[in-house]
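So the chains spell out like this:
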Amino acid sequence: METLEKNISVQRIAQSKLSEVDMNNIPFGKVFSDHMLVARYKDGAWQRPEILPYGKMQLAPSLTALNYGQSVFEGMKATRNIKGEAVLFRPEENWKRMNRSAHRLCMPQIPREIFIDGLEELIRLDSGWIPTAEQGSLYLRPLYFGSDEFIGVHPSSEYIFTVFTCPVGPFYAKPVDLLVSKDHVRAVAGGTGAAKAAGNYAGALFPDKLAKAQGYNNVLWLDAKELKYVEECGTMNMFFVVDDTVLTPQLSGTILEGITRASVIQLLKDHGYKLEVRPISIYEIQAAHHEGRLKESFGVGTAAVISHIARIGFSGEDMILPPISERKVGNWLKSQMAAIKAGEAEDTHGWMHIV
Ligand SMILES: *Cc1c(COP(=O)(O)O)cnc(C)c1O
């Protein structure tokens with residue numbers, strides 16, 4: 001074991017697996033890079049983080065996270081800018097959000113030195129795994145869970161924070177078809193919808209399967225109380241363009257606070273777009289569609305950044321949205337976000353973090 005400057009110990013892989021991967025043809029989510037970060041919390045304190053070869057962990061079936069879902073995660077990407085530097089997009093925001101999720105699930109806060117410094121050291125060590133901009137990106141998965149071997153329902157006393165990474169090809173964001181669900185909800189007021197808690201995603205699998213069986217890609221969730229207000233879809237926050245006004249739901253405690261969402265709102269404000277952040281009724285969207293005023297809809301999130309919505313199914317009707325080539329706002333945001341990440345457009349808000 002060697003120790004890095006940042007007080008992280010490193011055990012390097014004997015033989016890198018990088019040469020086995022065809023970076024021009026990466027199967028999604030199945031290829032993992034050489035190393036992972038692991039930090040353990042026990043006896044009320046964080047232990048020194050380690051970087052280890054990526055591999056299996058020995059875990060007991062009595063694990064708190066497996067039995068009661070005390071587990072939260074993050075999703076981020078490392079990309080290369082036009083200078084070839086490895087860059088992260090607003091990583092501090094992911095760190096803060098993971099700690100908000102942790103707070104909701106009664107888990108200790110993760111120090112900056114572990115989340116940010118650990119992530120940086122891991123990316124430096126595996127920098128060869130970051131695809132070029134044409135090839136894709138390195139997806140980063142911070143994962144944090146309770147690791148007590150005890151079957152009482154109570155907060156774990158031991159935890160594992162880990163980060164593993166996988167190179168992924170470019171997200172050819174195909175336009176997405178959404179089905180509004182009135183039978184299922186994702187989150188309720190006072191619940192865990194605003195946390196990136198593992199259980200939220202398990203709960204969405206069944207409604208999602210029903211939507212897929214009907215030929216849609218994902219569910220468009222409504223609020224749980226009135227089954228009327230648009231919340232979000234899949235792992236994306238929602239935007240609509242009605243006439244020349246951009247609409248997005250305000251954060252209500254049940255919607256995941258997307259970092260892409262916050263960035264998109266900022267860009268729209270910077271460039272003088274008409275923007276309304278408020279409750280948006282699905283009936284309002286339907287009426288706008290009938291009147292020919294619904295020009296665009298898109299979902300935003302780390303994976304595809306901006307995904308145009310092609311079709312929204314709601315109470316037996318399919319709202320078919322205008323052709324992608326006519327989507328002024330969504331297309332502009334897509335190119336603007338890409339240009340900022342590539343270092344081609346000025347990073348006026350200091351979003352890009354060079355590793
Ligand atoms: C992660 C996520 C988002 C998008 O958040 P980003 O920070 O933009 O990636 C939106 N909704 C849900 C449910 C999510 O899990």
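Computed from a prediction, not measured in an experiment: that's the story for all the values here.

1. Side note on the overall build of the chain
- Counting secondary structure elements, the chain contains 7 helices and 20 strands.
- Here the chain has a C-alpha radius of gyration of 21 Å; the compact-globule value for 355 residues is 20 Å, and the two agree.
- Projecting the C-alpha coordinates of the chain onto the three principal axes gives extents of approximately 65 × 50 × 35 Å.
- Out of the 355 residues in the chain, the part that is buried amounts to 50%.
- Of the charged side chains in the chain, 38 are positive and 41 negative, and the gap between their average positions amounts to 2 Å.

2. As for the site of the ligand
- The ligand sits among 15 residues. The nearest are Lys196, Tyr201, Glu232, Thr260 and Thr302.
- Interatomic distance of 2.4 Å between a side-chain N/O atom of Tyr201 and an oxygen atom of the ligand.
- Computed on the free molecule, the ligand has an accessible area of 380 Å², of which 97% lies beneath the protein chains in the complex.
- For the shell around the ligand, the secondary structure elements donating two or more residues are strand E14 (236-242) and helix H5 (259-270).
- Of the residues assigned to the shell around the ligand, the class counts are 4 nonpolar, 7 polar and 4 charged.

3. Looking at the packing of aromatic side chains
- Counting across every chain of the model gives 14 aromatic pairs.
- Consider the rings of Phe73 and Tyr201, whose centres lie 5.0 Å apart with planes at 65°: the pair is edge-to-face. Here the residue Phe73 occupies a position in strand E6 (residues 71-73), and Tyr201 occupies one in helix H4 (residues 198-213), the gap between them amounting to 128 residues.
- The exposure class of Phe73 is buried, given its relative accessible area of 12%.
- The side chain of Arg311 reaches across the aromatic face of Tyr216, ending 4.1 Å from its centre.

4. Notes on the domain arrangement of the chain
- In terms of domain boundaries, the chain breaks down into domain 1 (2-168) and domain 2 (176-342).
- The C-alpha-based centres of domain 1 and domain 2 are spaced at 28 Å.
- At the junction of the two partners, domain 1 supplies 19 residues and domain 2 supplies 20 residues.
- Both faces combined, the contact of domain 1 with domain 2 buries some 1,700 Å², and carbon together with sulfur accounts for 60% of it.
- Counting across the domain 1 and domain 2 interface gives 1 salt bridge.
- Between Glu257 and Arg100 there is a salt bridge, with the nearest N and O atoms lying 3.4 Å from each other.

5. Describing the packing of helix H2 (residues 91-104) against helix H3 (residues 112-125)
- Contact geometry of H2 with H3 gives a least axis separation of 10 Å together with a crossing angle of 140°. With respect to their mutual orientation, H2 and H3 come out oblique. H2 and H3 meet at a crossing whose hand is right-handed. Counted together, Pro91, Glu92, Asn94, Trp95 and Met98 of H2 and Arg112, Phe115 and Ile116 of H3 form the full contact between these two elements.

6. A few points about the packing of H5 against helix H7 (residues 328-342)
- Viewed as axis vectors pointing N to C, H5 and H7 meet at an angle of 105°, and their least axial separation amounts to 11 Å. The orientation of H5 with respect to H7, classified from their angle, is roughly perpendicular. Residue-level inspection shows Thr260, Ser263, Val264, Leu267 and Leu268 of H5 in contact with H7, the latter providing Val329, Trp332, Leu333, Gln336, Met337 and Ile340.
- Here the residues of the contact of H5 with H7 are counted per class, giving 8 nonpolar, 3 polar and no charged.

7. Description of unusual backbone geometry
- Phi is positive for Val305, close to 65°, though the residue is something other than glycine.
- With respect to the secondary-structure elements, Val305 resides in strand E18 (residues 305-314).
- Phi at Ser315 takes a positive value of approximately 35°, unusual for a residue other than glycine.
- In this structure, Ser315 sits in the loop between E18 and strand E19 (317-320).

8. Topic: H5
- Under the 1.5 Å per step criterion, the end-to-end length of H5 is 16 Å for 12 residues, consistent within 8% with the ideal 16 Å.
- Looking one or two residues beyond H5, the residue adopting positive phi is Gly272, at roughly 70°.

9. What to know about the side chain of Arg97
- Following the sequence through the fold, Arg97 ends up in helix H2.
- When its relative accessible area of 4% is taken as the criterion, Arg97 is described as buried.
- Within polar-contact distance, the side chain of Arg97 engages the side chain of Glu74 at 2.7 Å.
- Apart from the residues within four sequence positions on either side, Arg97 is in contact with Glu74, Lys196, Leu256, Glu257, Gly258 and Ile259.

Each value, and the rule that gives it
Residues numbered from 1 in each chain as written. Predicted model: local features only at pLDDT ≥ 70, side-chain atom pairs only at ≥ 80, totals over all residues. Heavy atoms only, no water. Helix = DSSP H or I, 4+ residues; strand = E, 2+ residues; numbered from the N terminus. Rg over C-alpha atoms; globule rule 2.2 N^0.38 Å. Buried < 20%, exposed > 50% of the residue type's maximum accessible area, 1.4 Å probe, protein only. Lys, Arg positive; Asp, Glu negative; His and termini not counted. Charge placed at Lys NZ, Arg CZ, Asp CG, Glu CD. Near = heavy atom within 4 Å. Polar contact = N/O pair within 3.5 Å; in protein donor to acceptor, adjacent residues only side chain to side chain. Areas by Shrake-Rupley, 256 points an atom, 1.4 Å probe, with all protein chains shown as cover. Nonpolar A, V, L, I, M, F, W, Y, C, P; charged D, E, K, R; others polar. Phe/Tyr/Trp six-rings, centres within 6.5 Å; stacked < 30°, edge-to-face > 60°. Lys NZ or Arg CZ within 6 Å of the ring centre and 35° of its normal. Domains from an automatic or database assignment. Contact = heavy atoms within 4.5 Å. Buried area = accessible area lost by both parts, 1.4 Å probe. Salt bridge = Lys/Arg side-chain N within 4 Å of Asp/Glu carboxyl O. Axes fitted to C-alpha atoms, helices over the stretch in contact; angles between N-to-C directions. Parallel < 35°, antiparallel > 145°, perpendicular 65-115°, else oblique. Left-handed = near helix turned anticlockwise from the far one by under 90°. Expected span 1.5 Å × (residues − 1).

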